[in-house]
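Single-letter residue listing:
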Amino acid sequence: MRGRSIERLVAARMARQVVFDRRPAPLLTFVQEEATLRRRTGGRMVLRRQLEHLLELSQLRHVEIQVMPTEAEEHAGLGGSHRVLKLVDGKTVGLNEVQLISGLISDPRQAQILDMRYNLLRSQALTPRLSREFIEKLLGET
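Residues numbered from 1 in each chain as written. Predicted model: local features only at pLDDT ≥ 70, side-chain atom pairs only at ≥ 80, totals over all residues. Heavy atoms only, no water.

Draft legend 1. The arrangement of the overall build of the protein in detail. Helices and strands together make up the secondary structure of the protein, namely 5 helices and 5 strands. In sequence order, the secondary structure elements of the protein are arranged as α-β-α-α-β-β-β-β-α-α. Taken across its 142 residues, the protein has 26% of its residues classed as buried. A fraction of 64% describes how many contacts in the protein between residues 6 or more apart in sequence connect residues 24 or more apart. Surface accessibility of the protein: about 10,500 Å² in total, with carbon and sulfur atoms responsible for 54%. (Helix = DSSP H or I, 4+ residues; strand = E, 2+ residues; numbered from the N terminus. Buried < 20%, exposed > 50% of the residue type's maximum accessible area, 1.4 Å probe, protein only. Contact = heavy atoms within 4.5 Å. Areas by Shrake-Rupley, 256 points an atom, 1.4 Å probe, with all protein chains shown as cover.)

Draft legend 2. Quick look at the pairing of strand β4 (residues 92-98). Examined bridge by bridge, strand β3 (residues 81-86) and β4 share 6 bridges and lie antiparallel to one another. Residue arginine 83 lies in a different strand from β4, and its bridge partner there is leucine 95. Linking β3 to β4, which pair antiparallel, is a turn of 5 residues; within it glycine 90 sits at a positive phi near 95°. In terms of strand pairing, β4 meets strand β5 (residues 101-105) through 5 bridges, oriented antiparallel. (Pairing = 2+ DSSP bridges.)

Draft legend 3. Structural detail: the side chain of aspartate 115. Among the structural elements, aspartate 115 can be located in helix α4 (residues 108-124). Ignoring any residue separated from it by four or fewer positions in sequence, one finds aspartate 115 in contact with Val84, Lys86 and Thr92.

Draft legend 4. Examining the sheet that holds β4 more closely. With respect to topology, 3 strands assemble into an open sheet ordered β3-β4-β5, the strand pairing being antiparallel. Either end of the sheet is taken by a strand with one partner, and the two such strands are β3 and β5. Mean inter-strand twist for the sheet, computed between neighbouring axes without regard to direction, equals 10°. This element, α4, spans β3, β4 and β5 of the sheet and lies at about 110° to β3. (Axes fitted to C-alpha atoms, helices over the stretch in contact; angles between N-to-C directions.)

Draft legend 5. Just the pattern of salt bridges, in detail. Overall, the coordinates contain 7 salt bridges when judged by the stated rule. Among the ionic pairs, arginine 38 bridges to glutamate 141, the shortest N-O distance being 3.8 Å. One end of the pair, arginine 38, is in helix α2 (residues 34-38); the other, glutamate 141, is in helix α5 (residues 128-141), and 103 residues separate them in sequence. For arginine 38, a relative accessible area of 38% puts it in the partly exposed group. Here glutamate 141 falls in the partly exposed class, since its relative accessible area comes to 44%. A salt bridge links glutamate 64 to arginine 122, with the shortest nitrogen-to-oxygen separation between them at 2.4 Å. Of this pair, glutamate 64 sits in strand β2 (residues 63-68) while arginine 122 is found in helix α4, placing the two residues 58 residues apart along the sequence. (Salt bridge = Lys/Arg side-chain N within 4 Å of Asp/Glu carboxyl O.)

Draft legend 6. Seen up close, the side chain of threonine 142. Relative to the assigned elements, threonine 142 resides in the segment after α5. The exposure class assigned to threonine 142 is buried, which follows from its relative accessible area of 10%. There is a polar contact of 2.7 Å between the side chain of threonine 142 and the backbone oxygen of leucine 138. Sequence-distant contacts of threonine 142, that is, excluding residues within four places in its chain, are made with Arg40, Arg44, Leu47, Arg48 and Leu51. (Polar contact = N/O pair within 3.5 Å; in protein donor to acceptor, adjacent residues only side chain to side chain.)

Right, dumping it as structure tokens:
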């Protein structure tokens, strides 16, 4: 049963990858914690492939990847993982994820708070160019 559950999660994650090829291309921005870029879950080669994949994605014109350095003791993302989605109709919604709890944020005020927190987080992270250089450096160390 556990193996099927993992297979289902992997299949769902792979299906979401089509967003990178969608036309017109949506603007996609990500802030990734440095610690997750160093963790060798699955081994050294898995980490190398993940870093290479991030570098490939970062070359796409509609994708920006930023790294939040571990040395940043405090930042706007310490409260947990969240996503902000700006929909075609102009609405903003969010998704908060903390341990076993996740929830859709559709209330405009709460979604605005998540959006402001995400913008603050982006301002605290390395720029996309410096983030690419940082990921290249990690790849060279792996």
